[in-house]
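# Residue-level structure breakdown
The residues making up each chain are set out below.
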Amino acid sequence: MTKTPVTEAPCQSMGENNHSSLNELVEPVTRLKHQNVRCPTVPAGHVTGVVPQLVVTCEPTPSRFEHKTTRTNALSFCSHPDEESVCSDSGIGGSPAPSLLYRKLSNSSSAVLSPASSFEECDEDFSEPCAIVTRNSAPEVCSESKNEPMKPRNMVNSSPAPAPLRAASPWVQVVGHAGNFRAGPDGKLLKKYCESEQRCLQKLMGDSLRPYVPGYYGIMQQDHQDYNTMDNLLAGFDSPCIMDCKMGTRTYLEEDLRKARESPQPRKDMYEKMVAVDLSAPSPDEHAQKAVLKTRYMQWRESLSSTATLGFRIEGIQKADGTVNTNFKKTKCKEQVVEALQDFVGKSIPVVRSYQKRLKEMRQVLENSDFFRAHEVVGSSLLFIHDRTGKAGVWMIDFGKTLPLPPPLTVDHRTPWMEGNHEDGYLWGLDNFIDILTNMLLVLKE
Ligand SMILES: Nc1ncnc2c1ncn2[C@@H]1O[C@H](COP(=O)(O)OP(=O)(O)OP(=O)(O)O)[C@@H](O)[C@H]1O
Ligand SMILES: O=P(O)(O)O[C@@H]1[C@H](O)[C@H](O)[C@@H](OP(=O)(O)O)[C@H](OP(=O)(O)O)[C@H]1O
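Since this is a predicted model, take the numbers as computed values, not measurements. (Residues numbered from 1 in each chain as written. Chains lettered and ligands numbered in written order. Predicted model: local features only at pLDDT ≥ 70, side-chain atom pairs only at ≥ 80, totals over all residues.)

## Considering the overall build of the chain
The secondary structure content of the chain amounts to 11 helices and 14 strands. Classification of the 446 residues of the chain by burial places 46% in the buried group. Long-range contacts, defined here as pairs at least 24 residues apart, represent 80% of the contacts in the chain between residues at least 6 apart. (Helix = DSSP H or I, 4+ residues; strand = E, 2+ residues; numbered from the N terminus. Buried ≥ 20, exposed ≤ 12 C-beta atoms within 10 Å, placed from the backbone. Contact = placed C-beta atoms within 7 Å.)

## Let's talk about the site of ligand 1
Around ligand 1 sit 21 residues, and of these G176, H177, L233, D244 and D398 come closest. For the shell around ligand 1, the secondary structure elements donating two or more residues are β8 (241-247) and β12 (381-386). Its residues assigned to classes, the shell around ligand 1 shows 10 nonpolar, 8 polar and 3 charged. (Near = placed C-beta within 6 Å. Nonpolar A, V, L, I, M, F, W, Y, C, P; charged D, E, K, R; others polar.)

## Notes on the pairing of strand β7 (residues 225-230)
Every other side chain in a regular strand lies on the same face of the sheet, so the side chains alternate between the two faces. Where burial is concerned, most of β7 is hidden: 5 out of the 6 residues are buried. The pairing of strand β5 (residues 189-192) with β7 spans 4 bridges and is classified as antiparallel. Looking across to β7, one finds that L190 is bridged to T229. Two elements, strand β6 (residues 216-222) and β7, share 5 bridges in a ladder whose sense is antiparallel. Looking at the pairing, M220 lines up with Y227 of β7. As consecutive antiparallel partners, β6 and β7 are separated by 2 residues, and within that stretch D223 has a phi angle of approximately 50 degrees, a positive value. (Pairing = 2+ DSSP bridges.)

## Here we look at the nonpolar core
If you look at the biggest cluster of nonpolar residues, it comprises 80 residues, and the most contacted ones within it are L201, L209, Y355 and F384. When residues in this core are grouped by element, the largest group, 7 residues, is from helix α11 (residues 426-445). With residues up to four places along the chain from it excluded, the contact list for L201 reads V213, Y216, N228, M230 and F399. (Core = buried A, V, L, I, M, F, W, Y, C linked by C-beta atoms within 7 Å.)

## Brief notes about the pairing of β12
When you tally the buried positions in β12, you get 5 out of 6 residues, the bulk of the element. Of the pairings in the sheet, the one linking β8 to β12 comprises 6 bridges and is antiparallel in character. In the sheet register, D244 faces β12, and the bridge partner there is L383. Of the pairings in the sheet, the one linking β12 to strand β13 (residues 392-397) comprises 6 bridges and is antiparallel in character. Note that in β13 the partner of H386 across the bridge is A392. What sits between the antiparallel neighbours β12 and β13 is a turn of 5 residues, in which G390 has the positive phi angle 95 degrees.

## Notes on unusual backbone geometry
Cis geometry marks the peptide bond from P407 to P408; its omega dihedral reads 5 degrees. Counting through the fold element by element, P408 comes out in the loop between β14 (402-404) and α11. In this model, H224 sits at a positive phi of 65 degrees, which is unusual for a non-glycine residue. One can find H224 in the loop between β6 and β7. Although it is not a glycine, K347 adopts a positive phi angle of roughly 55 degrees. Of note, K347 is situated in the loop between α8 (334-345) and α9 (349-367).

## Looking at the environment of D231
Here D231 lies in the loop between β7 and β8. Between the C-alpha atom of D231 and that of L257, which follows or precedes it by 26 residues, the distance is 33 Å.

## Observations concerning the environment of G400
By the element assignment, G400 lies in the loop between β13 and β14. C-beta crowding within 10 Å serves as the criterion here: with 25 such atoms nearby, G400 is assigned to the buried category. Taking the C-alpha atoms as reference points, G400 and A235, separated by 165 residues in sequence, lie 23 Å from one another.

## Quick word on the confidence of the model for the chain
Within the chain, residue pLDDT values average 73, and 62% of them lie at 70 or more. Note on residues 1-104: pLDDT is under 50 here. Beyond four places in sequence and across chains, it has 283 contacts. pLDDT under 50 marks residues 106-167. Its contacts with residues more than four places away, or in other chains, come to 170 contacts. Scored by ipTM, the complex comes to 0.98, with pTM at 0.74. (pLDDT = per-residue confidence, 0-100.)

Laid out in structure tokens, this is it:
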């Protein structure tokens, strides 16, 4: 079997890579047949429907910011406490913990956590060789040499100072699809393979945005499933507080709208999620069918939350003590968002200042990024992480619905969306986020 080189994510200022366990390589063509692109599946029992008009409401909701918290369930596994990890510019240093923590997530951010017994456990011995392969290799960023990570062009290194990481750092998934992640070798994180995400991560390794995304190391196969291998951003943090914020004013692709028109597939699960929050939300037709289209459900989620009004929404927060709150579906007006953010940062001025600084830097880089202007960035999140030592960082994650625009089309990420212009409101949301943090600082200093 022909072997292809492992993709080395660029590791600026981090010393040498050590991918000793990633030495078994598989020919890309052979492995294409194993592709398992995660695409939203349509559950049984669908009925047909029409694509509704976009409805955006901007009035603040009277509902209070609710605090339903859940204590994180934890499992320890895959511990290699004696191994030194590979370099990473995603970590910020700190105390490595010898275990990985997994919390079982539901498919819905509103659902109750499942028992720990249903967690996906990892029992691999990563001292054994693992298969890793890259597709659509980008020669300008992939180094052939394991020990000479290549620096991408236009590198802007404004990441917080990285520190050596241990092989296995604690990891928790705050929100997102259950079962999408597992532990990888050398403390890396494996996310179920998604072709569009892989393409983005690979391109991002050569973009000025590189310091603002997890390092990407190619595709790895485990148990006949392909995974994208990336840095665990939690590495180096000590009992971190984590927040996932979904960016942009639109959470579905233009392509999804087209598909919904051509072949509408109303979903019963989304109807159920909708009525669980607001019985009066579905239309009479939708009630009759007991199903709603995904685009309609996503639009409803946007207008219910701050996505429509602020261009971002809080998806979930995990505090240092392990408590998790994913009950932000109705966190819509600025005051509610500020209340949630203040709770997240523990009213710490240095933490807010760090986040504000990082977001301002990120905005500047985003405004000049070749990747960013040429992609519709939908459903992507900012992952905020800080800990009691004062370390704080923010990274862009989740590029499953980030698509290249048909050339020569570009977007500025601030112009309001109209079907066809592919605008996503990402930078408008970031502007609002920065303004909110700036105001928070003023209030906290009073
Ligand atoms: N590189 C990373 N390092 C650390 N944690 C991560 C990383 N990537 C993702 N996570 C964790 O996993 C969660 C879900 O990530 P992500 O949004 O990529 O998953 P998803 O299943 O695609 O989500 P969605 O349901 O929005 O499509 C994040 O909120 C975060 O807690
Ligand atoms: O947060 P909620 O209310 O549970 O809604 C989910 C959320 O919007 C996810 O982002 C979306 O996945 P994608 O971003 O990947 O589309 C998922 O669609 P899905 O059920 O089709 O996976 C929705 O069910």
